[in-house]
Structure formats: C-alpha cells, structure tokens
Amino acid sequence: MADQTTTLLILGASGDLTRRLLLPGLGTLLREETDRKVRVLGADRLELSDEDWRGRVRDSLAEAEVPEEVAEPVVSGATYLRTDLLEREQLQALLDAVDEPVVLYFALPPAVTVKVCALLEELTVPQGTRLALEKPFGDSLESARELNRQLLRVVPEGDIFRIDHFLGVNTILNLIGIRFANRLLQPIWSAEHIERVDICYDETLALEGRAGYYDHAGALMDMIQSHLLEVLAFFAMEAPATMHAEEIRGLKAQALRATQPWDHDPVAASRRARYVAGELGDRTVPDYVAEEGVDPTRQTETLAQLTVQLDNARWAGVPFVLRSGKALGTASKQVVVTFRAPAHVPLGLTDTPDPDRLVLELKPGSVSLDLSMNAEGDPFELEQKELSAELGKARMLPYGEILGAILDGNPLLTIRGDEAEELWRIVEPVLDAWEADEVPLEEYAAGSAGPEGWV
C-alpha cells in the first residue's frame, strides 16, 4: 500500500449507491487498513454543504467502527463540490480542483456515465487518473465495444476498473483457494469427473421499488450476464502460476471465450418466467406487472435460466446451468458441483441414488461435500453423508475489498474490457431470441419454487 494520499472522487455522491454501498464499504476498509490515506470528495448536482457531506462520511465510518484517530483526518478532509457533470466547464473545473492521483468513481446511472465519459475525452484529466465504473458496461455487444473504445480515449486499460461487487465477495475469492491450493480437488476439476455445474442466485426479495432499473434489465442482464458468468469464469479457468491481476483476468477471459449457449442453440438453452401474485412469507406480493413503475409491454423476466457449455478440452460435454430469480419461496445462492457416478460399485453393496456433490454457498460462505459412505446399521448399504465447514468470515464488505484494490491501482477484482465484451457475446443471442418471442415467458406464483418442470 502506498503512503501517498489517493483522492476518491465520487461522481453522483448524493445517490443511493454512495449511501448504501460505497461509504459503508470504505468504512470497513479503513477499519481494517488503518494506515491507508484517502481523501473523499463528492460531486453531484444536488445542493449539499461540506458539513452535510462530512456528516455522511462520518456516520459511515462510525457505523463501521473505524478508530477515531483514523476517521477524523478522512472526515475533516472530505469536501463536496456541487457540479453539473454534464456541463463541460463545470466538469473541467472539478478535475482541476482535485489532487493527483485520483479515482473517478461513477456512482451514476449508466446513461449518464456514458455521457460523462464522452465529455472526458475532450477534457484534460489529471495524470494517473483511474476510472471506476459500475455495471452494466453497455447494453449490447456493440455498445460494450464502443464504451471500451471511448474509455481508452481517456485513460489506458490498466487505469479502467469495471466493478462487479461479486468479485469482492469472500466466497468467490475462496473459490481460487479451494480449486488450486488443495490436492484433493485439483486433479478432479474436469469433465472426466464432473457431470454438471449449477450456479444459482435465487432471492426471496421481490421488486422492492427497483422498477426504474430492473424493468429495463430483467434477471438475465441483472444477474446472469454479469455476476454469474463471472463466477463461472473463476470456476472454469485454467490454473494460474501467480495471483497477478493480468494473469487471472486473462485466464478468465479465455474461459469466457470458450463459453456458448448449450448446443449453440440460444432458444433451447434458455428459459424465462415472471412472477404473478402470491404469498411470500407473511405478505402478499402483487403481480410483477402491477408493481409501481413496471411497463407490462416490456415482457421483463424475473426468473432466468441459461445452460452453457465450454468448448474446450477440460469442460467438453459438461452443462453449466446459470439461474437467478426474484420472489421465490426459498433463497438459494450457491454453486453446486455434481460428480459423475463411480465407474463401478462392488456387487453386494446397495448404492445410494444420490450423486456425490460439492456445494459452495455464496451467502453465507460455507462449503459442504456430500459423499457416499456406509450407512448406519447395514454396512453393505450406502448413503450420503455431509462433510461441511464454514468459510472464514469476510474481513470487510465487498465494496471495501474492491475500493482497496482500486485505490492501490490493482485491477484483480475488476473486469477487463475484453471480458466485458465476451459477457455480452454470450447472452446477446439469447436476448435476441427472447425479443423475437422464440422462448415463451412462463409464470410462477411469488413465494413458489418457480415454474413446474424447471431443473
């Protein structure tokens, strides 16, 4: 960690992302890394005094239990600059007012981020400026390519940090250790031993007032196109020699380049559904189309499933099933590895019908291994026994991990430009098939397990 103070300039500082995620994440970072030096500046159109901004920073650091002697210099150095980020002169004045090195964090709606980046092409940015951007990175393959070209006209790729907060989740980072640092699993991580992989992120939450974003995105773009395909890349990549950022990101991109819809058929490989009214816990959830802010003509899905394959030697023939949905009766946030049946079970043993499985819980972090063993009582009858362990508790919030890496100029926990394009290449044929209504939009009651017949 450098002794130099880094300026974190949050564009869109008055918004929800800053309040809910960025400032709390920064608090946990400073709690764990007390010698880190950072100046926190906010910029937005909203009228906000320096004292109001300092109060927000102070409250977040206090909630994270940052020691007073660490928090006070950060709070006293925090400044808010009222700026219309789409006005050329005001944006240049903002850039001229900050100290180097600076991280420009785009806590803005995607469309505004694109417009601000277009303005930055015409302005003078401080030397060593880093750009930190939230997903989505474009809304199609071509727009992702154009955004990448635009960003590269402002700063080099090494100074662009595309944020996926999943990459700061402790379980995702532990996946590297589970795969590459133990002798038991490393040699069996291939199609020879693994029959299928399910990566699931089902939520009991319904829309919860997020129609402004979600009704334009849907489950496929919101979760599978970004987060779950990134989990797949970590799961399926080849073994790295080091944890150097460019090596890891290069191996992830290699895995994504091999990824295609199952049988190269986006229609047969995908399913979509939308929730209708139902009981979720102790409350009644209305039809999705009746939720405030929803446009029924968009045909937005709240549950998506996509089966993909990796066209390479390690994973040939293994289906990777990616699924995510809202308003489901049971939350399921896990990676399930189903192993192939043994080549031969000795005659005289009564085998269990259940396969051996490795289950990685994304939230909360835990790992379990279901193995066939002799049953209690009859030693010639086999049954499944579960071996489980809790993963180490995360030292900080995901956004704390990500902010720490960005402030250090380490892109390990972010997405490289070619990765962002591959994510769109994989799902774009599916989106086209859905737009053409080649895949029916099914329905499921809120609080249920989803449509009947889904895997």
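So, here is what we can say about the structure in this document.

1. Remarks on the packing of helix H1 (residues 16-32) against helix H10 (residues 398-407)
Alright, step 1. Contact geometry for H1 and H10: axes closest at 7 Å, N-to-C directions at 70°. If you check the angle between H1 and H10, you find them roughly perpendicular. Contacts between H1 and H10 pair Leu17, Leu21, Leu22, Gly25, Leu26, Thr28 and Leu29 from the former with Tyr399, Gly400, Leu403, Gly404 and Leu407 from the latter.
Alright, step 2. Class assignment of the residues belonging to the contact of H1 with H10 gives a composition of eight nonpolar, four polar and no charged.

2. Let's talk about the pairing of strand E16 (residues 366-374)
Alright, step 1. Strand direction decides the pairing type here: strand E15 (residues 357-361) and E16, joined by five bridges, are antiparallel. Paired with Arg357 across the two strands is Asp370, which belongs to E16.
Alright, step 2. Bridge count for E16 against strand E17 (residues 382-390) is nine bridges, and the pairing is antiparallel. Each bridged residue has a counterpart across the sheet, and for Asn374 the counterpart in E17 is Leu382.

3. Some points on the pattern of salt bridges
Alright, step 1. For the structure shown, the criterion picks out 36 salt bridges.
Alright, step 2. Between Arg39 and Asp99 there is a salt bridge, with the nearest N and O atoms lying 3.5 Å from each other. Separated by 60 residues along the polypeptide, Arg39 in strand E2 (residues 38-44) and Asp99 in the loop between helix H4 (88-96) and strand E4 (102-106) bring together distant segments of the chain.
Alright, step 3. Measuring nitrogen to oxygen at the nearest pair gives 3.0 Å for the salt bridge that ties Glu246 to Arg416. Of this pair, Glu246 sits in helix H9 (residues 245-257) while Arg416 sits in the loop between strand E18 (414-415) and helix H11 (417-435), and the two are 170 residues apart along the sequence.
Alright, step 4. By relative accessible area, Glu246 is classed as partly exposed at 35%.

4. A word on the sheet that holds E18
Neighbouring strands of a sheet are bound in pairs by backbone hydrogen bonds; such pairs are parallel or else antiparallel.
Alright, step 1. Taken in spatial order, the seven strands of this open sheet run E3-E2-E1-E4-E5-E6-E18, and their pairing is mixed. Of all strands in the sheet, those with a lone pairing partner are strand E3 (79-82) and E18, marking the two edges.
Alright, step 2. Note: strand E5 (residues 130-134) against strand E6 (residues 160-163), four bridges, orientation parallel. Opposite Leu133, over in E6, you have Arg162 as the bridge partner.
Alright, step 3. Packed on one face of the sheet, helix H2 (residues 50-63) meets strand E1 (6-11), E2 and E3 and runs near 130° to E3.
Alright, step 4. Most of the contacts of helix H5 (residues 110-120) go to E4, to which it runs at about 145°, and overall it touches E1, E4 and E5.

5. Description of the packing of aromatic side chains
Alright, step 1. Under the counting rule described, the total for this entry stands at eight aromatic pairs.
Alright, step 2. Judged by centre distance (6.1 Å) and plane angle (50°), the rings of Trp53 and Tyr80 are tilted. Remark: Tyr80 occurs in strand E3 and Trp53 occurs in helix H2; sequence separation between them is 27 residues.
Alright, step 3. Relative accessible area serves as the criterion here: at 0%, Trp53 is assigned to the buried category.
Alright, step 4. Overall, the relative accessible area of 4% leaves Tyr80 in the buried class.
Alright, step 5. Measuring from centroid to centroid gives 5.4 Å for Trp315 and Phe320, while their planes differ by 80°, and the two rings are edge-to-face.
Alright, step 6. Using a relative accessible area of 0% as the deciding quantity, one classes Trp315 as buried.
Alright, step 7. When its relative accessible area of 0% is taken as the criterion, Phe320 is described as buried.
Alright, step 8. Site record: aromatic cluster; members linked through ring pairs are Trp189, Phe235, Trp315 and Phe320.

The rules behind each value
- Residues numbered from 1 in each chain as written.
- Predicted model: local features only at pLDDT ≥ 70, side-chain atom pairs only at ≥ 80, totals over all residues.
- Heavy atoms only, no water.
- Axes fitted to C-alpha atoms, helices over the stretch in contact; angles between N-to-C directions.
- Helix = DSSP H or I, 4+ residues; strand = E, 2+ residues; numbered from the N terminus.
- Parallel < 35°, antiparallel > 145°, perpendicular 65-115°, else oblique.
- Contact = heavy atoms within 4.5 Å.
- Nonpolar A, V, L, I, M, F, W, Y, C, P; charged D, E, K, R; others polar.
- Pairing = 2+ DSSP bridges.
- Salt bridge = Lys/Arg side-chain N within 4 Å of Asp/Glu carboxyl O.
- Buried < 20%, exposed > 50% of the residue type's maximum accessible area, 1.4 Å probe, protein only.
- Phe/Tyr/Trp six-rings, centres within 6.5 Å; stacked < 30°, edge-to-face > 60°.

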